[in-house]
Amino acid sequence: MLGDLGTTSLTAGLVSAVLAALLWLRVALLGAAARPARLASAATLLAAAAACALLEAALLGHDFSVRFVAENGGRHVPVYYTITSLWSAMDGSLLLWLLILCGYGALLARRRTPDRLRAYAMVVVSVATTLFFALSAFAADPFQAVHPVPLDGPGPNPLLQQHPAMGVHPPLLYAGYLGMVVPFALALAAPLAGPAGRDWVRAARPWALIAWATLTAGIAVGAWWSYAVLGWGGYWAWDPVENASLLPWLTATAFLHTSMGGGRSRDRWNTVLACAGFLLVLLGTFLTRSGAVASVHAFTESPLGPLLLGFVLLAVLAATVLTGRNRPAPGPGRAPLLSRRTAVLVNAVLLVTVAAAVLIGTVLPLLTEPLTGTRASVGPGYYERTAVPLAVVLLLLAGVTPALWVRDRAAALRRLALPGLAALATVAAVGLLSRPGPAALTAFGAAAFVLTGLLAEVAARRRRPGRAWAAILAHAGLALVAVGVAGSSAYGQADERTVRVGETLRVADVSVRLVSVHRGIDEGRMVVRATTQLSGTGTTRTATPTLRYDPARDTAVTVPAISSGPHRDAYLTLIAVAADGSSATLRLAVNPLVGLIWAGGALITVGGLAALAVSARSGRPRRPDPVDRRVPAGVAA
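Reading the values: the criteria
- Residues numbered from 1 in each chain as written.
- Predicted model: local features only at pLDDT ≥ 70, side-chain atom pairs only at ≥ 80, totals over all residues.
- Heavy atoms only, no water.
- Helix = DSSP H or I, 4+ residues; strand = E, 2+ residues; numbered from the N terminus.
- Buried < 20%, exposed > 50% of the residue type's maximum accessible area, 1.4 Å probe, protein only.
- Contact = heavy atoms within 4.5 Å.
- Areas by Shrake-Rupley, 256 points an atom, 1.4 Å probe, with all protein chains shown as cover.
- Pairing = 2+ DSSP bridges.
- Axes fitted to C-alpha atoms, helices over the stretch in contact; angles between N-to-C directions.
- Parallel < 35°, antiparallel > 145°, perpendicular 65-115°, else oblique.
- Nonpolar A, V, L, I, M, F, W, Y, C, P; charged D, E, K, R; others polar.
- Core = buried A, V, L, I, M, F, W, Y, C linked by side-chain atoms within 4.5 Å.
- Phe/Tyr/Trp six-rings, centres within 6.5 Å; stacked < 30°, edge-to-face > 60°.
- Left-handed = near helix turned anticlockwise from the far one by under 90°.
- Patch = residues over 30% accessible without salt bridge, like charges linked within 9 Å, V, L, I, M, F, W, Y side chains within 5 Å.
- Salt bridge = Lys/Arg side-chain N within 4 Å of Asp/Glu carboxyl O.
- Expected span 1.5 Å × (residues − 1).
- Polar contact = N/O pair within 3.5 Å; in protein donor to acceptor, adjacent residues only side chain to side chain.
- pLDDT = per-residue confidence, 0-100.

Peer 1: So what exactly am I meant to see when it comes to the overall build of the protein here?
Peer 2: Looking only at helices and strands, the protein features 19 helices and 10 strands. Counting all 637 residues of the protein, 52% fall into the buried class. Considering only contacts within the protein whose residues lie at least 6 apart along the sequence, 71% involve residues at least 24 apart. Of the roughly 28800 Å² of accessible surface on the protein, 64% is carried by carbon and sulfur atoms.

In structure tokens form, the structure reads like this:
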């Protein structure tokens, strides 16, 4: 019953999306009433919501006659992870993808009297919605019937049942990805809308801020989740799927900078960046859902691969044809070397260069395999030599920008003196005391340069709050992330050793003593726990790293024990145990300053939301001045 209703909702969503695209095209071409088109967009959203609700009902009701439930549900799975298992596999996650995409379309369609720009943009969004509904209905229908009906299911991947971030990270990431569709649609609609399309950048900027802030939060939560669950003690591995989330973030960051003030003098840049953001989202979707890359984050191989690749090529062709007609507005002339305009353009060039380096490293193995018969290996060393140095230059540029808010060049140079001295002092002090290496030392100096300049700007603006505060928060968060990454990379220490009960493993001034090893069964899984005493983190506490084996999925999961302090984490992982429980192989890592990464990610997100609030206030129409009734109406007007 639920399966039939779910399939019907997907079919209804597909029909509604096609109808919405046609009705919005009628509004754009003929100036027809927009109400039928808005109703069609609302019906599309309703169909996506119904499909998600029906699949959730099947999961919670353990209806194993539905294929997705039979493959990813289970009576032993806790309720929370039963709910989140909707997006634990490809077919169900595509429903969440559709729900968020339709939500953005419904929000864009809310305006009661849409201009031609918005109508053409809704055509683009509706076409994208149609294609994804078609993928779900014809190639990835999760509601297919199963015969014979199993009594139970294996549950979702055990890695997806270990951390509450499973309920937050994918929705945030999808909200960031799919928010890119609105700037993309507005960029494609601008050359078609005529005079109404001249201010498309101003209309696109709030949507880009929503997408960028949620994508930032999604990446930060994902890094924290990886750190807390996977057991290797890291948070970013330059994995192809991780890179797929970073690429649109980089181009969206560049767009937010070039679109400041309406961006009319950088119209070509804005068009390219707005289109690149969503095109990279589609490319990442192809990498994640086609099985083209091997990743712990990717879905398995599926028939969606060729269809998604065709969608990517179609979107690239449409963007090239439509935006090629857009003539850039005449700029105000050549900008001085030391100016905000120059800094914005340099920032955009650097961000696009970083994105290009990451993109090459991500897709190179896919391109070399058909040509040479072997898949090239691109490891972290490639990114550390290409993308990381450019990222440090970007960080320095973030420190220079506040000084360029003043028009006097001499004053701007004077405002750079204090941050420069702070950077030199930091490099000298840290280099003499700890010698972390050139890369980390450069990052520390750049972060000191940025933070000192921002503190000086805060002191200067403490009585004049304005839109610069959003940039200050975001840039400060970026500096904190740089310090956290450099500190954890340069000063992190680890040791792995087999210890007997009663013996101690020591790393730096942190020690762990193995007390006992316990075996048992927990919710159908075989569980091995090592009880240890962890000392040197300020107090002595009990830490219990765990190994879990899920026979239904034939998967072993390592659950580390993490003791977080104000300036470092003690990270303990259980690798293996002896058959008689007399010994265990433990890995102890001490990760300094890693908490700054999570704090910096949160601060960047807050900065994006603050910029969105400022943009919303500035976008409101001003209340007209009251008319003086003592003056004739014509004169007052």
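The discussion continues.
Peer 1: Help me understand the sheet that holds strand 10 (residues 583–592) in this model?
Peer 2: Sheet strands associate in pairs through backbone hydrogen bonding, adopting either a parallel or an antiparallel arrangement. Spatially, the 4 strands line up as an open sheet ordered 1-10-9-8, and their pairing is antiparallel. Two strands close off the open sheet at either side, each with one partner strand: strand 1 (493–500) and strand 8 (561–564). Each adjacent strand pair in this sheet contributes to an overall mean axis angle of 15 degrees, direction not counted. By the bridge criterion, 9 bridges tie strand 9 (residues 568–577) to strand 10 in an arrangement that is antiparallel. Paired with alanine 576 across the two strands is threonine 585, which belongs to strand 10. Against the sheet, helix 17 (residues 468–491) touches strand 1 and strand 10, its axis set at about 135 degrees to strand 10.

Peer 1: What's the story with the packing of helix 7 (residues 169–179) against helix 8 (residues 181–193) in this structure? I'm lost.
Peer 2: When two helices pack together, their arrangement is captured by the angle between the axes and the distance separating the axes. Orientation of helix 7 relative to helix 8, taken along the N-to-C sense of each, is 5 degrees, at an axis distance of 5 Å. The orientation of helix 7 relative to helix 8 falls into the category roughly parallel. Listed contacts from helix 8 to Tyr177, Leu178 and Gly179 of helix 7 are Val181, Val182 and Pro183. Per-class residue counts for the contact of helix 7 with helix 8 are 5 nonpolar, 1 polar and no charged.

Peer 1: I'm lost on the pairing of strand 9 in this one. Help?
Peer 2: For strand 9, the tally of buried residues reaches 7 of 10 residues, placing the bulk of the element in the interior. Relative to strand 9, strand 8 runs antiparallel, the two being bridged by 4 bridges. Among the inter-strand pairings, isoleucine 562 is bridged to a residue of strand 9, identified as tyrosine 571.

Peer 1: Just to check I follow, could you spell out the nonpolar core for this structure?
Peer 2: Inside soluble globular proteins, nonpolar side chains tend to come together where they are buried. If you look at the biggest cluster of nonpolar residues, it comprises 131 residues, and the most contacted ones within it are Trp24, Phe132 and Trp200. Val510, Val528, Ala530 and Leu588 belong to the second largest nonpolar core, which has 20 residues in total.

Peer 1: What's the story with the packing of aromatic side chains in this structure? I'm lost.
Peer 2: Summed over the entire model, instances satisfying the criterion amount to 16 aromatic pairs. For the pair tryptophan 200 and phenylalanine 255, a centre-to-centre distance of 6.3 Å together with 25 degrees between the ring planes defines the contact as stacked. Separated by 55 residues along the polypeptide, tryptophan 200 in helix 9 (residues 200–229) and phenylalanine 255 in helix 10 (residues 240–258) bring together distant segments of the chain. Phenylalanine 255 matches tryptophan 200 in its accessibility class, with the two residues each being buried. For the ring pair tyrosine 227 and tyrosine 571, a centre distance of 5.1 Å and an interplane angle of 55 degrees mean the geometry is tilted. One end of the pair, tyrosine 227, is in helix 9; the other, tyrosine 571, is in strand 9, and 344 residues separate them in sequence. By the burial criterion, tyrosine 227 is buried, and tyrosine 571 matches it. Here the aromatic cluster, defined as three or more aromatic residues joined through ring pairs, consists of Trp97, Phe132, Tyr174, Tyr177 and Phe311.

Peer 1: So what exactly am I meant to see when it comes to unusual backbone geometry here?
Peer 2: Glycine aside, residues mostly have negative phi, and peptide bonds are mostly found in the trans state. The omega torsion across histidine 147 and proline 148 is -5 degrees, close enough to zero to call that bond cis. Summarising the element assignment, proline 148 is placed in the loop between helix 6 (116–138) and helix 7. Here tryptophan 238, not a glycine, exhibits a phi torsion of approximately 55 degrees, which is positive. Among the secondary structure elements, tryptophan 238 is positioned in the loop between helix 9 and helix 10. A relative accessible area of 18% means that tryptophan 238 is categorised as buried. Backbone geometry places leucine 593, a non-glycine residue, at a positive phi of 65 degrees. By relative accessible area, which is 24% here, leucine 593 ends up partly exposed.

Peer 1: Would you mind showing me how to read the packing of helix 9 against helix 10 here?
Peer 2: Following both chains from N to C, one finds helix 9 and helix 10 inclined at 140 degrees, their axes separated by 9 Å at the closest point. Judged by the sense of rotation from one axis to the other, the crossing of helix 9 with helix 10 is left-handed. Contact with helix 9, carried on its side by Trp200, Ala204, Arg205, Ala208, Leu209, Trp212, Leu215, Thr216 and Ile219, involves Ser245, Leu246, Pro248, Trp249, Ala252, Thr253, Phe255 and Leu256 of helix 10 and no other residues of that element. When grouped by side-chain class, the residues that make up the contact of helix 9 with helix 10 number 13 nonpolar, 3 polar and 1 charged.

Peer 1: Where do I start with a nonpolar patch on the surface in this structure?
Peer 2: Taken together, the side chains of Leu25, Leu29 and Leu30 present a nonpolar region at the surface, about 310 Å² in accessible area. Overall, the relative accessible area of 67% leaves leucine 30 in the exposed class.

Peer 1: Whenever I open this one, helix 1 (residues 2–30) confuses me. Can you help?
Peer 2: For an α-helix, 3.6 residues make a turn, and residues three or four places apart therefore share a direction. Taking 1.5 Å per residue as the helical rise, helix 1 with its 29 residues ought to reach 42 Å, and the 41 Å between its terminal C-alpha atoms agrees with that figure. In the segment just after helix 1, glycine 31 is the residue with positive phi, at about 70 degrees.

Peer 1: Honestly, helix 8 in this entry has me stumped. Any pointers?
Peer 2: The terminal C-alpha atoms of helix 8 lie 18 Å apart, and with 13 residues this matches the ideal 18 Å at 1.5 Å per residue to within 8%. Within helix 8, 12 of the 13 residues are buried, which leaves the element mostly enclosed by the surrounding structure. Every buried residue of helix 8 is listed here: Val181, Val182, Pro183, Phe184, Ala185, Leu186, Ala187, Leu188, Ala189, Ala190, Pro191 and Ala193. Just past helix 8, the residue glycine 194 takes up positive phi, approximately 70 degrees.

Peer 1: Where do I start with the side chain of glutamine 161 in this structure?
Peer 2: Residue placement: glutamine 161 occurs in the loop between helix 6 and helix 7. Judged by its relative accessible area of 6%, glutamine 161 falls in the buried class. Within the structure, the side chain of glutamine 161 is placed 2.8 Å from the backbone oxygen of proline 156, a separation counted as a polar contact.

Peer 1: Which parts of the structure should I look at to understand the confidence of the model for the protein?
Peer 2: Regions with low pLDDT should not have their predicted coordinates read in detail. Put simply, the protein has an average pLDDT of 86, and 88% of its residues get 70 or more. Taken as a whole, residues 621–637 scores under 50 in pLDDT and shows 2 contacts with residues more than four places along the chain or in a different chain.

Peer 1: Which parts of the structure should I look at to understand the side chain of asparagine 591?
Peer 2: Turning to its location among the elements, asparagine 591 is positioned in strand 10. Side chain to side chain, asparagine 591 and tyrosine 227 meet in a polar contact 3.2 Å long. For asparagine 591, the contacting residues outside a window of four places in its chain are Tyr227, Gly233, Arg568, Asp569 and Tyr571.

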